[in-house]
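If you want the building blocks of each chain, they are given just below.
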Amino acid sequence: MTDVRMLPRDYTVLAPDGSEIRELVAVESGSMVHCTLPLGATSSAVMHRTVEEVWYFLRGRGQVWRKSESCESVEDVAPGVSLTIELGTHFQFRNTGDEDLSFIIVTMPPWPGEQEAVRVDGYWK
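Residues numbered from 1 in each chain as written. Predicted model: local features only at pLDDT ≥ 70, side-chain atom pairs only at ≥ 80, totals over all residues. Heavy atoms only, no water.

Caption draft 1: Quick look at the overall build of the chain. Helix and strand counts for the chain come out as zero helices and eleven strands. Starting at the N terminus and ending at the C terminus, the chain contains elements arranged as β-β-β-β-β-β-β-β-β-β-β. Its C-alpha radius of gyration of 14 Å places the chain within 12% of the 14 Å reference for a compact globule of 125 residues. When contacts within the chain are restricted to residue pairs at least 6 apart in sequence, long-range pairs at least 24 apart make up 69% of them. Split by element, the accessible area of the chain, about 7,400 Å² in all, is 51% carbon and sulfur. (Helix = DSSP H or I, 4+ residues; strand = E, 2+ residues; numbered from the N terminus. Rg over C-alpha atoms; globule rule 2.2 N^0.38 Å. Contact = heavy atoms within 4.5 Å. Areas by Shrake-Rupley, 256 points an atom, 1.4 Å probe, with all protein chains shown as cover.)

Caption draft 2: Examining the pattern of salt bridges more closely. Throughout the structure, instances matching the rule amount to four salt bridges. A salt bridge links Glu20 to Arg22; the shortest N-O distance between them is 3.8 Å. Residue classification places Glu20 among the buried residues on the basis of a relative accessible area of 18%. The shortest N-O distance in the salt bridge between Glu75 and Arg66 comes to 3.9 Å. Among the residues examined, Arg66 registers a relative accessible area of 18% and is labelled buried. (Salt bridge = Lys/Arg side-chain N within 4 Å of Asp/Glu carboxyl O. Buried < 20%, exposed > 50% of the residue type's maximum accessible area, 1.4 Å probe, protein only.)

Caption draft 3: Here's a closer look at the nonpolar core. The biggest cluster of nonpolar side chains holds 18 residues, and the ones touching the most others in it are Trp55, Phe57, Val64, Leu83, Phe93 and Phe103. Those elements giving two or more residues to this core turn out to be strand E3 (30–37), strand E5 (52–59), strand E8 (82–85), strand E9 (90–95) and strand E10 (101–108). In contact with Leu83, other than residues within four places in its own chain, are Glu53, Val54, Trp55, Phe57, Val64, Arg66 and Val77. (Core = buried A, V, L, I, M, F, W, Y, C linked by side-chain atoms within 4.5 Å.)

Caption draft 4: Seen up close, the packing of aromatic side chains. Tallying each qualifying case throughout the model produces eight aromatic pairs. The interplanar angle of 80° and the centroid separation of 5.6 Å between the aromatic rings of Trp55 and Phe91 together place this pair among those described as edge-to-face. One end of the pair, Trp55, is in strand E5; the other, Phe91, is in strand E9, with 36 residues separating them in the sequence. Both residues of the pair, Trp55 and Phe91, belong to the buried class. Measuring from ring centre to ring centre gives 4.6 Å for Phe57 and Phe103, while their planes differ by 35°; the resulting arrangement is tilted. With Phe57 in strand E5 and Phe103 in strand E10, this pair connects stretches of sequence that are 46 residues apart. Of the residues examined, Phe103 reaches a relative accessible area of 0% and is grouped as buried. By the ring-pair criterion, three or more aromatic residues cluster together here, those being Trp55, Phe57, Phe91, Phe93 and Phe103. (Phe/Tyr/Trp six-rings, centres within 6.5 Å; stacked < 30°, edge-to-face > 60°.)

Caption draft 5: Just the environment of Glu23, in detail. For Glu23, the location among the structural elements is in strand E2 (residues 20–27). With eleven residues separating them along the chain, Glu23 and His34 place their C-alpha atoms 6.5 Å apart. The residues contacting Glu23, other than those within four sequence positions of it, are Arg5, Pro8, Thr12, Met32 and Val33.

Caption draft 6: Up close: the pairing of E10. By the criterion of burial, E10 is predominantly enclosed, with six of the eight residues buried. The sheet contact formed by E3 and E10 spans seven bridges and is antiparallel. Within E10, the position partnered with Ser31 by the bridge is Thr107. By the bridge criterion, seven bridges tie E5 to E10 in an arrangement that is antiparallel. Bridging from a neighbouring strand, Arg59 pairs with Ser102 of E10. (Pairing = 2+ DSSP bridges.)

Below, the structure is given as structure tokens:
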């Protein structure tokens, strides 16, 4: 049987980084959620223990900081931009626009739970 879901009106869970997560669909090898960072907000900086993610931005404007062993960058994001969060990458994001920052996250393997995200020193206070 396949799973079909509508985007929930209210967020399902508040993520460890402070963003609002609306759970969508999942299969054995991955899961998909809708993420919202409210106007003026900055997430906590985290890294993941076991998962990688692909992000696709739908609404708003913001910035994403990513730091790995080999590089560090801050990317401007807006509707149509996609990026990756590879295993072990430290990351943080902030809403710099005049509306909520919303994006889709595909997580591989599926999100295992709150213990997955480990707080790290961030780029923004």
